[in-house]
Amino acid sequence: MKYQAYPEYKDSGVEWLGKVPSHWQDIRLKYVADLEGEKIEQGSTLKYVGMENIASGNGKYIAKDDTNPEGLSTSFSKGDVLFGKLRPYLAKSWLADFSGICSSEFLVLRSKQVCPQFLNYYTLTDEFINQVDSSTYGSKMPRASWDFISLMDVPVPLDNESEIIANFLDYETAKIDTLIEKQQQLIKLLKEKRQAVISHAVTKGLNPNAPMRDSGVEWLGDVPEHWKVMPLKYIIKAKKGAVKAGPFGSHLKNSDMEGKDVKVIAQKNVISRNFEIGESMISSDKYRELEVFTIEHNDVLITTRGTIGRTAIYDNVVTAILHPCLIRIQIDEDYAYPELVALIIQESGYAMEQILINSNATTIEVIYSENLINTIICLPPSLAEQKLLLGDISLRKTYFSVLIEKAESAIELITERRTALISAAVTGKIDVRHWNGDSA
C-alpha cells in the first residue's frame, strides 16, 4: 500500500490484534459503546430493518418492500451501529442513517469513545468477525452473545483521529465501490450480449446471407427459409412418459426424501447443472412406487417453479427420479440434439416468452407440460447443421464466459483490497492522520 506506518507501535496484548500505534488505547467494546435498543412488540409503524436488509461484508443497506417484523423487534436511532449476531460470519454491520426498529438478531451499539463510522468499519474487519464467529453457539442457527462480544478489545485512537480514519475510509471505499459497480455493470452487459448472440444464432442461423422467410410466429419473426418451424412435441419421442412432470407433492412428501437409496434430482441440480450436489434420497420401496419418474440418460430437465425455464441434460448413470418441481422431456435424437433443444428453451428468449404467456399464472410463474410441448420452436432440418450450430454457440459462450470470469476475478480482488484497507486503517497499520480528501 502507498500509505505510511505510524512512527511507533506497542504490543496490544491481544494476539489477533497484534501491534497498535503507541498512542492508541485498547478498550473493551462494552466501554467503547453501549448496548441500546428497547424491545418493541408487533404493530409498530416505524421502519423495520431485517437481516436481509444488510449486505454482507460492506455495511450497505438494501431496501426491500416486503420486509416485515417477526416477533419482537428492537428500536434503534440514527447513528447507531447494528451488528448481526446471527451467523456472524456473514459480516452484517450497518451504520443507521435513520431511526426505526430492527430484527432482534441485531445488537444495537451506540458509540461513545470513537465516532460511529469508525466503530462500524471495525466491526466489519476480518479480525473482529473471525473472533466473534469463533464464539457462536448453536449448530443450525449459530449466534454470538453480547457477553462475549462486549469483552472484545477495540483499538481506540485519541482525540478526533477516529473521525479522520472514518472519513478516509468513506472516501476510499466509495472509489472502490464505484469500481466494483462498473465491473458488475460490465458482467450484466456481457450476459445480455451473450443471450442476444445465442438468440440470434438459434433463430437466424450462422449464414448471414441465407434466404429468410416469415415464421408466422410473432416471437420468432423471420427464420432461415429451409428451417423447420413446429411445436416442440413433434421432436419428442413417441412413447408413453417421454414428457413427464415430477410427482405431485402428495405423492412425494418432504418426509419421503429422507431415505438412503435413490437420489431425487431437484431444481438446484438443474440450475447449477451439477447432479452430484443435494442430499434428497428416497427408499427403495418409495422408488418402486414412483419408478415411472425415473430420469434417463440425455433427458432434458426443466425447472417449473420459482426460477423457471432453466435446463440441464441428465448425463449421469446413477438411478434418480424427478423432483415435483421439474419436467423432463425425451428428445427423439433422429431429429434433434437434446443440447440444442435445452439451449433454445433456456436462452433463446422466444421460447420462454411463449411459455410465460400461455401459463396464465397470476402470482407465481409456473411451467405446465402441456404448454411446454406446444411451444413453437425452429430448427435446422439436418443433424449436421444442428451440430455446426451447437459448435459455434459453444465457442461464443466460451468467449463470453472468459470475459465474465475476468470481471468476476476483478471484483474479488477489488473487494479483498477494500477489506484489507479497512482493516489496516482501523487497527493502525497505516497512518492517515495527514490525509486530506481534497488533495487525494
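Residues numbered from 1 in each chain as written. Predicted model: local features only at pLDDT ≥ 70, side-chain atom pairs only at ≥ 80, totals over all residues. Heavy atoms only, no water.

**Details of the overall build of the protein chain**
Phase 1 of the analysis: Helix and strand content of the protein chain: 11 helices and 23 strands.
Phase 2 of the analysis: Seen through its principal axes, the protein chain has C-alpha atoms that stretch 80 × 55 × 40 Å.
Phase 3 of the analysis: A total of 440 residues make up the protein chain; the buried ones form 46% of that total.
Phase 4 of the analysis: Approximately 22,700 Å² of the protein chain is accessible, and the part contributed by carbon and sulfur atoms is 49%.
Phase 5 of the analysis: Once the 49 positive and 59 negative side-chain charges of the protein chain are each reduced to a mean point, those two points are 2 Å apart. (Helix = DSSP H or I, 4+ residues; strand = E, 2+ residues; numbered from the N terminus. Buried < 20%, exposed > 50% of the residue type's maximum accessible area, 1.4 Å probe, protein only. Areas by Shrake-Rupley, 256 points an atom, 1.4 Å probe, with all protein chains shown as cover. Lys, Arg positive; Asp, Glu negative; His and termini not counted. Charge placed at Lys NZ, Arg CZ, Asp CG, Glu CD.)

**Observations concerning the packing of helix α5 (residues 161-204) against helix α11 (residues 383-426)**
Phase 1 of the analysis: Here α5 crosses α11 at 170°, and the two axes come no closer than 10 Å. Classified by the angle between their axes, α5 and α11 sit roughly antiparallel to one another.
Phase 2 of the analysis: Among the residues forming the contact of α5 with α11, the class breakdown is 26 nonpolar, 5 polar and 10 charged. (Axes fitted to C-alpha atoms, helices over the stretch in contact; angles between N-to-C directions. Parallel < 35°, antiparallel > 145°, perpendicular 65-115°, else oblique. Nonpolar A, V, L, I, M, F, W, Y, C, P; charged D, E, K, R; others polar.)

**With respect to the sheet that holds strand β19 (residues 300-303)**
Phase 1 of the analysis: One open sheet holds the 4 strands; their spatial order is β16-β22-β19-β20, and the pairing between them is antiparallel. If you trace the sheet from one side to the other, it starts and ends with β16 (243-245) and β20 (311-313), each paired once. The average undirected angle you get between the axes of adjacent strands in this sheet is 20°.
Phase 2 of the analysis: Two strands pair when backbone bridges link them, and β19 and β20 are joined in this way by 3 bridges, in the antiparallel orientation. Along β20, the bridge assignment pairs Leu301 with Ala312. (Pairing = 2+ DSSP bridges.)

**Examining the packing of aromatic side chains**
Phase 1 of the analysis: One pass over the structure, following the stated rule, counts 14 aromatic pairs.
Phase 2 of the analysis: Taken together, a centroid distance of 6.0 Å and an interplanar angle of 80° make the contact between Phe76 and Trp94 edge-to-face. Of this pair, Phe76 sits in strand β7 (residues 73-76) while Trp94 sits in strand β9 (residues 93-95); the two residues are 18 residues apart in sequence, bridging distant segments of the chain. Across the pair, Trp94 and Phe76 agree in class, each one buried.
Phase 3 of the analysis: Joined through ring pairs, the aromatic side chains of Tyr3, Phe168, Tyr171 and Trp435 make up one cluster.
Phase 4 of the analysis: Just above the ring of Phe98 sits the side chain of Lys47; from NZ or CZ to the centre is 4.6 Å.
Phase 5 of the analysis: Positioned above the aromatic ring of Phe293, the side-chain terminus of Lys244 is 5.0 Å from the ring centre. (Phe/Tyr/Trp six-rings, centres within 6.5 Å; stacked < 30°, edge-to-face > 60°. Lys NZ or Arg CZ within 6 Å of the ring centre and 35° of its normal.)

**A closer look at the pairing of strand β12 (residues 153-156)**
Phase 1 of the analysis: Across the two faces of β12 the burial is the same, with Asp153 and Pro155 and Val154 and Val156 all buried.
Phase 2 of the analysis: Sheet topology note: the strand β3 (residues 25-28)/β12 ladder contains 4 bridges and is antiparallel. In the sheet register, Asp26 faces β12, and the bridge partner there is Pro155.

**Focus on the nonpolar core**
Phase 1 of the analysis: Grouped together as the largest cluster of nonpolar side chains are 50 residues, with contacts concentrated most on Leu29, Phe128, Ile149, Ile165 and Leu169.
Phase 2 of the analysis: Examining the composition of this core, we find that 10 residues originate from one element, α11, more than from any other.
Phase 3 of the analysis: Among the nonpolar cores identified, the runner-up in size contains 40 residues, and Ala201, Trp227, Ala242 and Tyr350 belong to it. (Core = buried A, V, L, I, M, F, W, Y, C linked by side-chain atoms within 4.5 Å.)

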